[in-house]
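# Residue-level structure breakdown
Below are the chains, spelled out letter by letter.
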Amino acid sequence: MNNKIGELVNDAFEKVMEIDAKVENPVEVRGFNFESSFTYDKLFESFKTTGFQATSFSNAVDEINKMIECKLKPIDLESDQVTKAAKEFKNISTSLLANNEYYSIVQRTNCTIFLGYTSNMISCGVRESIKFLVKNKMIDAIVTTCGGIEEDFMKCMKPALMGSYDYDGIQSRIDGLNRIGNTFVPNDNYRLFEEWLLKILDQMLIEQNEQNINWTPSKLINRLGKEINNEDSVYYWAYKNNIPVFCPAVTDGAIGDTLFYHAFTNPGLKIDIVEDIQRMDLLALFAVNTGAIILGGGTSKHHILNANCMRNGVNFSVFVNTGQPFDGSDSGAQPNEAYSWAKIRLEASPVKIYGEASFIFPLLVSQTFAKHFPIKN
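Analysis parameters
- Residues numbered from 1 in each chain as written.
- Predicted model: local features only at pLDDT ≥ 70, side-chain atom pairs only at ≥ 80, totals over all residues.
- Heavy atoms only, no water.
- 1 Å grid on protein atoms, 1.4 Å probe; cavity = no way out; pocket = protein on both sides within 12 Å on 5 of 7 lines; lining within 4 Å.
- Points joined across faces, edges and corners; volume = space filled by probe spheres on them.
- Helix = DSSP H or I, 4+ residues; strand = E, 2+ residues; numbered from the N terminus.
- Pairing = 2+ DSSP bridges.
- Core = buried A, V, L, I, M, F, W, Y, C linked by side-chain atoms within 4.5 Å.
- Buried < 20%, exposed > 50% of the residue type's maximum accessible area, 1.4 Å probe, protein only.
- Contact = heavy atoms within 4.5 Å.
- Salt bridge = Lys/Arg side-chain N within 4 Å of Asp/Glu carboxyl O.

## Structural notes on the layout of surface pockets
Roughly 560 Å³ of internal volume is contained in the largest pocket. Contributing to the lining of the largest pocket are 22 residues, with Glu101, Lys219, Asn222, Asn242 and Arg279 lying nearest its centre. When contributions to the lining of the largest pocket are tallied by element, the ones reaching two or more residues are helix 10 (217–228) and helix 11 (234–240). Ranked by residue count, the leading element in the lining of the largest pocket is helix 10, at six residues.

Shown next, in the form of structure tokens:
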């Protein structure tokens, strides 16, 4: 009996691994050897064969470098991948520009790069990485949420502070400290910002009535970037470099609170979201190629991808977030799902890194945009 069982066990054991491996162009899994000469570049290069999210990071570096390479090439309208709208823009741009100076920023380079991020990226020190890109004209448009606008200006007035994830919420309220993860935004910051903003809203109302200006969220942000006049601000540089900043959820924060208050104390100011969706979608429609780098999910992610439906999807894309696909949310959706909505080109190779962007994004910048600084052309 034991011999029979032995035969059966032996047969089962052999069948577990009986299929010969078939791998085309096999690549060995291998991490960094710290006994060799060390540089950070070599360490990051080793991520390609480390596996898991390290390899996703390496793939994201490659994808962003493809965006940059495409951006730095002369505008090429002859490619089969270029849309009819992009090819026609050259013929109609003069007449469009005569009626609306916004068209001067359309099709500026061979690849229009959209940067999207949630407000916490401005709350933390990723703000400085974003400012680096905007100051040096490495991106073409931004999409973020309300907190991602107001906290940039607040930091020009008073700093945000380091705190603790474990700081008691009730005590934090008593101390006048608004906690964002392990950072604090003191109440004083909000008071200074709202007082500053109210004066600007008063002036915008006068200009609306006397000059017939149709204000939009992106025009509001551009004006605030001008008024802050501080080189530490992301949106000061967006104003200086004529980079549009879109915020479809502009009322969802202190800006919205101030607009609410202003509507009673000095009523009449209008903010037009319809003109902004035209500006956003036309930027994508007429683009020769597009790239998207999106930190987090929600409005920022969807607004960029939805605009790129106008051109049958982005050519290059990198996503950094902790979202999971099981709940059906757009925030957690894998790039593979975006193909089905024409948000990503079918021939594209999107990359998602599952991770928290406050340490991933500065590392991505160090291996991509920072290596091309300064961009002379």
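Additional details are given in the paragraphs that follow.
## Quick notes on the sheet that holds strand 4 (residues 177–180)
Here we have three strands laid out as an open sheet, ordered 3-5-4, and antiparallel in their pairing. A single partner strand is all that each edge strand has here, and the edge strands are strand 3 (161–162) and strand 4. Pairing analysis gives two bridges linking strand 3 to strand 5 (residues 183–186), with the strands arranged antiparallel. Paired with methionine 162 across the bridge in strand 5 is threonine 183.

## Some thoughts on the nonpolar core
Core analysis: the biggest nonpolar cluster contains 66 residues, and Tyr117, Ile130, Tyr235, Phe361 and Leu364 have the highest contact counts within it. Those residues in contact with tyrosine 235 that lie beyond four places of it in its chain are Tyr117, Ile122, Ile142, Thr144, Gly148, Ile149, Asp152, Phe153, Ile221, Gly225 and Val245. Residues Ala85, Phe89, Leu305 and Ala348 belong to the second largest nonpolar core, which totals 24 residues.

## What to know about empty space enclosed by the protein
Evaluated as defined, the whole model comprises three cavities of 30 Å³ or more. What the largest cavity holds in volume is close to 80 Å³. In terms of lining residues, the largest cavity is bounded by Lys301, Leu305, Phe319, Asp330, Ala333, Gln334, Pro335, Glu337, Ala338, Trp341 and Lys343. Only helix 14 (298–308) and helix 15 (335–339) provide two or more residues apiece to the lining of the largest cavity. Element by element, the count of residues in the lining of the largest cavity is highest for helix 15, at three residues.

## Things to note about the pairing of strand 5
What you see with strand 5 is no split at all: Thr183 and Val185 on one side and Phe184 and Pro186 on the other are buried throughout. Where strand 4 and strand 5 come together, four bridges link them in antiparallel fashion. Residue pairing for strand 5: asparagine 178 is matched across the bridge by valine 185. Taken together, strand 4 and the strand that follows it, strand 5, pair antiparallel across an intervening segment of two residues, in which glycine 181 is found at a positive phi of about 65 degrees.

## Some thoughts on the pattern of salt bridges
This model, assessed by the stated rule, comprises 18 salt bridges. Across the pair lysine 371 and aspartate 41 runs a salt bridge, and its minimum N-O distance is 3.1 Å. Placement of the pair is lysine 371 in the segment after helix 16 (357–367) and aspartate 41 in helix 2 (residues 40–46), with a sequence separation of 330 residues. Here aspartate 41 falls in the partly exposed class, since its relative accessible area comes to 32%. A salt bridge links arginine 223 to glutamate 207, with the shortest nitrogen-to-oxygen separation between them at 2.8 Å. Of this pair, arginine 223 sits in helix 10 while glutamate 207 sits in helix 9 (residues 187–211), placing them 16 residues apart in sequence.

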